Structures are given as C-alpha cells and as structure tokens.
Amino acid sequence: LAAHPPPVTPGARELCAALAARGTAVYVVSGGFRAMIEATALDAFGVPADRVYANSIVWDADGTYAGFDASEPTSRDGGKPSVIATLKAAGAETVVMVGDGATDAQAKPPADAFVGFGGVVARSAVREKADWFVTDFADVVAALEADD
C-alpha cells in the first residue's frame, strides 16, 4: 500500500477534516477489504481502525486465501444499515451516510439522511434515493462552513 496507495476521491480528505473540526465522528463503512480500507481511512481521512467497518480476508494456515469473515456486517446484503443501527444503538444521535452506491443508499433508514455522491460515477439509483446529491465534496464542505 505504501508503494501503490489507492486513489482518494478529490475533496474527501477535506470533507473528513471539516467534519472532524466540528467534532463530528467520521466512520468508514465499506464492502471493501479491511487491510486496504483501514490504512487508507487513517492516512487519508484521519479515521482510526476502531471506526472502520469493512471485510476481513481469511487465510489458511499455509497462507492460502480461504475466503472472508462472514461475521463482518458489511459482508452481506443489508450490512451497511446494520452498522448504522449499531452506531445509533451505541448513542449516535444523527447519522448521515455519504456514498456512491446502492448499498450506501440502502443505509437510510436507519441513517437520518443520505448524501449521494456522483463525482466518480453518477448512478441514477443513488441520485433518486439521495436527500442531497453532489458531484463535488467541496459543495458539502461549503455547506458545513456556511452552517458555522
């Protein structure tokens, strides 16, 4: 990962920094693999591993890929809403899901709002389910600054 870091969507780093500056806890909820997601979440967004929900790869004793950990909520359909419900049960008052895919849109409810993102790929299903649809995270940062 250090030699070939995954690309980070322009503006995502700034959005996470703006949210953190307001005291908002940012979580990463992904159907991707934890080994990549955790490193990117911390380096790019300042999100520690205990606020990352992602899939874990399982290896055999000889190091052969054996599958993934099915106990991870994001490993199955409805996993992202399950994570949001867990966060709310733990005391999160308002949860806003931001994402670009159908499984992100699936998280409302229990998320209080869904911000659809179309800056990389604009999907009509995401646009239709979004409370707010943006193609540039700078729009969200500007709205946060205007709210201060």
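Model, not experiment: these values are computed from the prediction. (Residues numbered from 1 in each chain as written. Predicted model: local features only at pLDDT ≥ 70, side-chain atom pairs only at ≥ 80, totals over all residues. Heavy atoms only, no water.)

Q: Talk me through the overall build of the protein chain; I want residue IDs and the actual numbers.
A: A tally of helices and strands in the protein chain yields six helices and seven strands. Walking the protein chain from its N terminus toward its C terminus, one meets helices and strands in the order α-β-α-β-β-β-α-β-α-β-α-β-α. In summary, the protein chain has a C-alpha radius of gyration of 16 Å against a globular reference of 15 Å for 148 residues, a match within 12%. Projected onto the principal axes, the alpha-carbon positions of the protein chain cover approximately 55 × 35 × 30 Å. (Helix = DSSP H or I, 4+ residues; strand = E, 2+ residues; numbered from the N terminus. Rg over C-alpha atoms; globule rule 2.2 N^0.38 Å.)

Q: Which residues make up the nonpolar core, and what are the values?
A: The nonpolar side chains of a soluble globular protein tend to be buried with one another. One finds Leu-15, Val-47 and Val-52 to be the most contacted residues of the largest nonpolar core, which totals 18 residues. Secondary-structure elements contributing two or more residues to this core are α1 (12–21), β2 (52–55), β6 (113–117) and α6 (137–147). The element contributing the most residues to this core is α1, with five residues. Filtering out sequence-adjacent residues up to four positions away, Val-52 remains in contact with Val-28, Arg-34, Ile-37, Glu-38, Ala-41 and Val-47. Ranked by size, the runner-up nonpolar core spans 13 residues in total, among them Val-95, Ala-107, Phe-114 and Phe-133. (Core = buried A, V, L, I, M, F, W, Y, C linked by side-chain atoms within 4.5 Å. Buried < 20%, exposed > 50% of the residue type's maximum accessible area, 1.4 Å probe, protein only. Contact = heavy atoms within 4.5 Å.)

Q: Tell me what's going on with unusual backbone geometry, and back it up with residues and numbers.
A: That bond from Lys-108 to Pro-109 is cis: its omega, -15°, falls within 30 degrees of zero. Inspection of the secondary structure assignment puts Pro-109 in the loop between α4 (102–105) and β6. Backbone torsion omega between Pro-109 and Pro-110 reads 15°, so that peptide bond is classified as cis. Along the chain, the position of Pro-110 falls in the loop between α4 and β6.

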